[in-house]
Amino acid sequence: MPAAFPAVPKISYEGPHSKNPLAFKHYNADELVEGRSMRDHLRFSVVYWHTMCGNGTDMFGWGTAQRPWEAGLSGIDLAKARVPVFFEICEKLGAPYYAFHDRDVAPHGKNLKQSNQYLDTITKLLKAQQKKTGVKLLWGTAQLFAHPRYAHGAATSCSADVFAYAAAQVKKALEVTHELGGEGYTFWGGREGYSTLWNTNMKRELEHLAKFLHLAVAYAKEIGFKGQFYIEPKPKEPTKHQYDSDAAACLNFLREYDLIDHLKLNLETNHATLAGHSMQHEMEVAGAAGALGSIDANTGDLMLGWDTDQFPTDIYLTTQCMLSMLKYGGFTTGGVNFDAKVRRESFEPIDLFHAHIGGMDAFARGLKIAAAIRADGRLADFVENRYRSWDAGIGKDIEKGKTSFKQLEAHALKQGEPELESGRQEYLENLINEFI
Ligand code: XLS
Ligand code: NI
Ligand code: NI
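Structure report, in brief. Please read all numbers here as calculations on a predicted model, not as lab measurements.

Cut-offs and rules
Residues numbered from 1 in each chain as written. Chains lettered and ligands numbered in written order. Predicted model: local features only at pLDDT ≥ 70, side-chain atom pairs only at ≥ 80, totals over all residues. Heavy atoms only, no water. Patch = residues over 30% accessible without salt bridge, like charges linked within 9 Å, V, L, I, M, F, W, Y side chains within 5 Å. Areas by Shrake-Rupley, 256 points an atom, 1.4 Å probe, with all protein chains shown as cover. Salt bridge = Lys/Arg side-chain N within 4 Å of Asp/Glu carboxyl O. Lys, Arg positive; Asp, Glu negative; His and termini not counted. Charge placed at Lys NZ, Arg CZ, Asp CG, Glu CD. Helix = DSSP H or I, 4+ residues; strand = E, 2+ residues; numbered from the N terminus. Buried < 20%, exposed > 50% of the residue type's maximum accessible area, 1.4 Å probe, protein only. 1 Å grid on protein atoms, 1.4 Å probe; cavity = no way out; pocket = protein on both sides within 12 Å on 5 of 7 lines; lining within 4 Å. Points joined across faces, edges and corners; volume = space filled by probe spheres on them. Phe/Tyr/Trp six-rings, centres within 6.5 Å; stacked < 30°, edge-to-face > 60°. Donors = N, O, S within 2.8 Å, 3.2 Å for Na, K, Ca; no water.

## Some words on a negative patch on the surface
On the surface, Asp381, Glu384, Asp391 and Glu399 cluster together into a negatively charged patch. With respect to the secondary-structure elements, Asp391 resides in the loop between helix 13 (378-386) and helix 14 (393-399). A relative accessible area of 49% places Asp391 in the partly exposed class.

## What about empty space enclosed by the protein?
With the rule as written, the count across this model stands at two cavities of 30 Å³ or more. The calculated volume of the largest cavity comes to roughly 170 Å³. Lining the largest cavity are 21 residues, and of these Leu144, Phe187, Trp188, Gly189 and Glu192 lie nearest its centre. At the level of elements, strand 8 (184-187) and helix 7 (202-223) are the ones that each hand at least two residues to the lining of the largest cavity.

## Things to note about the packing of aromatic side chains
A complete count under the given rule lists 22 aromatic pairs for this structure. Taking 5.9 Å as the distance between ring centres and 35 degrees as the angle between the ring planes, the aromatic pair formed by Phe311 and Phe338 counts as tilted. Highlighted residues: Phe311 in the loop between strand 13 (292-296) and helix 11 (315-327) and Phe338 in strand 14 (residues 336-338), separated in sequence by 27 residues. The exposure classification of Phe311 matches that of Phe338, with both residues buried.

## A short note on the coordination of the nickel ion (ligand 3)
Distances from the nickel ion (ligand 3) to its protein donors, namely Glu268 (OE), His271 (NE2) and Asp307 (OD), fall within the range 2.1 to 2.5 Å. The motif formed by the donor residues of the nickel ion (ligand 3), counted along the single chain, is E-x2-H-x35-D. Between the nickel ion (ligand 3) and the nickel ion (ligand 2), a separation of 3.9 Å is found, and both are coordinated by Glu268. Judged on exposure class, the residue Glu268 and its partner His271 are both buried.

## Quick look at unusual backbone geometry
Cis geometry marks the peptide bond from Glu237 to Pro238; its omega dihedral reads 10 degrees. In this structure, Pro238 sits in the loop between strand 10 (228-231) and strand 11 (241-242). The phi torsion at Glu34 lies on the positive side, around 50 degrees, for a residue other than glycine. When you line up the elements, Glu34 lands in the loop between strand 3 (32-33) and strand 4 (36-37). Taking the relative accessible area as the measure of exposure, Glu34 reaches 41% and is therefore partly exposed. Its identity is not glycine, yet Asp309 carries a phi of approximately 55 degrees, on the positive side. Within the secondary structure, Asp309 sits in the loop between strand 13 and helix 11.

Okay, here's the thing in structure tokens:
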């Protein structure tokens with residue numbers, strides 16, 4: 001098959017003064033930051049669903065995307081034609097990873113058996129392309145939300161038969177992910193929530209979701225899949241309320257149902273903002289719990305408010321992400337996965353390159369800025385100093401569990417009114433701006 005992008009070279013680093021739209025200005029894969037290459041810090045990943053299957057449809061209009069490699073094709077033939085194009089994009093971008101859902105790479109068959117056969121056909125092609133290009137699988141997942149059978153949810157459906165169907169789909173998706181050497185497997189609860197409480201037994205649905213995840217963990221063990229499991233929080237859309245609504249809700253759920261040792265979080269920027277949080281907030285919640293696994297890098301639009309999945313270009317955002325990531329020790333199994341799509345108006349194939357190059361450069365800048373802030377040390381020193389009352393005396397005793405309410409009362413009576421210092425928010429905002 002001829003290249004889909006014959007005019008696009010392998011994207012290379014040309015530095016910040018380059019005017020070439022098909023070059024990196026900041027992402028220099030081999031450059032060391034805090035002793036580790038940018039490639040290894042960022043572990044960029046391209047998603048199959050938006051990149052190959054996104055066609056620009058929205059609620060008000062049909063597809064706009066021009067994809068010449070799809071001309072006249074449908075079903076399994078279309079699925080086959082997409083595979084080499086996808087890997088050409090990943091390889092030219094120098095993205096080391098990708099992620100997919102079972103039903104984006106292969107079509108739905110007329111029944112489960114045929115769907116599995118389609119998936120097997122495509123898995124062979126994916127495997128061959130991985131071998132040819134060196135691109136690896138960051139994580140796999142199953143699409144448990146598009147088909148009408150999942151209208152009431154998958155693991156949380158009121159129908160036990162739907163639960164079983166979803167389990168069969170995840171079983172197969174795990175096998176395929178394992179076959180492709182996937183480093184992880186993600187659960188995003190697309191319809192695991194409710195649209196009205198009038199018809200919902202929440203406790204029962206939550207128990208079923210936990211049961212489902214335990215079954216997945218057991219099956220992974222059975223087949224020898226050692227990849228990291230992730231759960232991806234999102235508060236709503238398509239349902240009114242999704243059970244894995246934010247990082248804190250996910251952690252609570254994982255702890256309550258004894259799953260905390262088996263799953264980490266895959267956090268997505270636009271999901272954080274839908275939950276009324278910043279991405280940095282979500283990363284800090286996950287990081288503090290030792291559950292920061294991977295990120296779905298994208299961004300929403302303040303003026304719109306739904307999961308627009310835009311490519312991240314905001315340097316403050318990427319700086320915050322990389323500050324948290326470095327603070328918690330960097331990615332191990334996870335990476336920066338561009339769960340992002342080009343705009344409906346950006347319908348030419350080349351827009352896919354501009355989008356990814358921009359996202360990769362934005363994260364590379366964020367990484368370098370975060371490392372510079374850490375090397376400077378003033379921010380960390382400020383925070384450390386702010387808590388100095390806990391390093392000695394009564395604070396140290398409290399942290400060590402050596403005090404009682406009676407002793408604290410005695411302390412307060414003796415000390416009188418505590419003296420406070422400014423939080424210096426504006427000073428710190430200015431400090432960050434020195435680096436951006
Ligand atoms: C949707 C989610 C989805 C997951 C994978 O909002 O972000 O794309 O990442 O199922
Ligand atoms: Ni996502
Ligand atoms: Ni999303």
